[in-house]
Amino acid sequence: MQINFAHLRQPAVSGGWVNFAVFDARSSSGTTSANGELLAQLTAKARASNLRVDQAALAYSSGDRIRFFGSKHLVDFLSRSGLPRWTHTLNV
């Protein structure tokens, strides 16, 4: 299965940069623990592909809205700025 994701770099509030990944995925059950496991697996796979990932989140549709699950600061940022364009794919 192929998962789309965005790997981006943004200025950090405290200075420096934050590298983050947003994955187009949700666990089949949608539970918090299952989403957490999926996010950890996808983040590890992205890092194994030599991408730096400081924060990560899942992005998925729920009803007519896009939902985010993951690092609190990244979820807050994405809630304000919206879904980024996909830049990469992972085969899982």
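Keep in mind that this is a model prediction, so the values were computed, not measured.

A. Local environment of the sheet that holds strand β4 (residues 65–70). Strand order in the open sheet made by the five strands is β4-β3-β2-β1-β5, with mixed pairing throughout. Every interior strand has two partners, whereas the edge strands, β4 and β5 (88–91), have only one. Each strand of the sheet is rotated relative to its neighbour by a mean of 30°, with strand direction disregarded. Bridge count for strand β3 (residues 55–62) against β4 is six bridges, and the pairing is antiparallel. The residue of β4 that forms the bridge with Y60 is R67. The sheet strands contacting helix α1 (residues 32–48) are β1 (2–11), β2 (17–24), β3, β4 and β5, and the helix crosses β3 at an angle near 125°.

B. Looking closely at the environment of F68. Note that F68 resides in strand β4. You can call F68 buried: its relative accessible area is 17%. As for F68 and L58, which are separated by 10 residues in sequence, their C-alpha atoms are 5.5 Å apart. Beyond its immediate stretch of four places on either side in the chain, F68 contacts L58, A59, V75, L78, S79, G82 and L83.

How each quantity is defined
- Residues numbered from 1 in each chain as written.
- Predicted model: local features only at pLDDT ≥ 70, side-chain atom pairs only at ≥ 80, totals over all residues.
- Heavy atoms only, no water.
- Pairing = 2+ DSSP bridges.
- Helix = DSSP H or I, 4+ residues; strand = E, 2+ residues; numbered from the N terminus.
- Axes fitted to C-alpha atoms, helices over the stretch in contact; angles between N-to-C directions.
- Contact = heavy atoms within 4.5 Å.
- Buried < 20%, exposed > 50% of the residue type's maximum accessible area, 1.4 Å probe, protein only.

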